[in-house]
Amino acid sequence: MVGIWYVWPGKPEIKNAGKPVQTIAAFGDSLTAGYGAGGQTNSYPAVLARLTGKTVVNLGLSGDTAVHAPARLPEVLSAQADMVLIEFGGNDRIRGGSLQEAAAAVRQIVDAVQAAGAIAVVVDTGGPQMGAYTAAYKKIAKEKQAVFVPGILQGIFNKRSLKSDMIHPNAAGYEIIARRVYKVIKPYL
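The structure reproduced in this document is the subject of the present report. (Residues numbered from 1 in each chain as written. Predicted model: local features only at pLDDT ≥ 70, side-chain atom pairs only at ≥ 80, totals over all residues. Heavy atoms only, no water.)

An order of β2-β1-β3-β4-β5 is seen for the 5 strands of this open sheet, with the pairing classed as parallel. Strand pairing shows two members of the sheet lacking a second neighbour, β2 (55-60) and β5 (147-149), which therefore form its edges. Adjacent strand axes in the sheet meet at a mean angle of 20°, parallel and antiparallel pairs treated alike. As paired strands, strand β1 (residues 23-28) and β2 are joined by 6 bridges and run parallel to one another. Following the sheet pairing, Gly 28 is matched in β2 by Gly 60. Each of β1, β2 and β3 (83-87) touches helix α2 (residues 44-52); the most contacted strand, β2, lies at about 170° to it. In this fold helix α6 (residues 131-144) packs onto β4 (119-123) and β5, with an angle of close to 160° to the strand it touches most, β5. (Pairing = 2+ DSSP bridges. Helix = DSSP H or I, 4+ residues; strand = E, 2+ residues; numbered from the N terminus. Axes fitted to C-alpha atoms, helices over the stretch in contact; angles between N-to-C directions. Contact = heavy atoms within 4.5 Å.)

Scanning the model with the defined rule gives 6 salt bridges in all. Of the charged contacts, one joins Glu 75 and Arg 72 as a salt bridge, the two residues approaching to 3.8 Å between their closest N and O atoms. By relative accessible area, which is 40% here, Glu 75 ends up partly exposed. For Arg 72, a relative accessible area of 14% puts it in the buried group. The partner of Asp 111 in a salt bridge is Lys 144, and the shortest N-O contact between them spans 2.9 Å. You can see Asp 111 sitting in helix α5 (residues 99-115) and its partner Lys 144 sitting in helix α6, a full 33 residues away along the chain. According to the relative accessible area criterion, Asp 111 is partly exposed, its value standing at 36%. (Salt bridge = Lys/Arg side-chain N within 4 Å of Asp/Glu carboxyl O. Buried < 20%, exposed > 50% of the residue type's maximum accessible area, 1.4 Å probe, protein only.)

What follows is the structure, given as C-alpha cells:
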C-alpha cells in the first residue's frame, strides 16, 4: 500500500519575522520617493505610515536603479528598521539595463537587510514589459525567505486618472499602492 501525503501550502517562512515591527524603511526609486504625488505627505510611504501606525522612513531617490542602489545600503542600514521595503527595477528596464545585474543587486540588498536582522520585502512594480523583473524578483523573495509584494502598478499604469504623468502615479495612485503593500506586509507587523 502506498500512502500519499498532501502538504497544504501555508504562509511561507519569512526570515527575521516574529518580532514586533516599529520602524519600516522604504528603499526605492521615484515611486518610493513619491514623485508626482503632490507632496511628501501623499507618497506611498507616508500613506503606509498612516495605515500601519508605524514610523516609515522614506529612502526613495528619483532616478535610482537596482544596480546603483547597493551604494546606498549604509544609509538604509543606519535607519535601523525592522522591515525594509525594496522597490527597484523600473529605471533599470527603461534604461535598457541588464536584468541579471538588477536581480543580483536586489539579492545583495536582501542579504544585507536580513543580515541586519530586518524583514526584507521585495516590492514588484509590475506594469508594461516588466514581466521578466516580476519573475526574477518573485524567485529572489522565495529563495531568500523575503516577503513579495506583486504588481503595485497593476491597474494604475494605464489609468490616466491615477497618474501625474506618463509613468508616475498621483496621490490617488499612491494611496492604492500603499494599500497593496499594507495588505501583504500586515501579517508580519
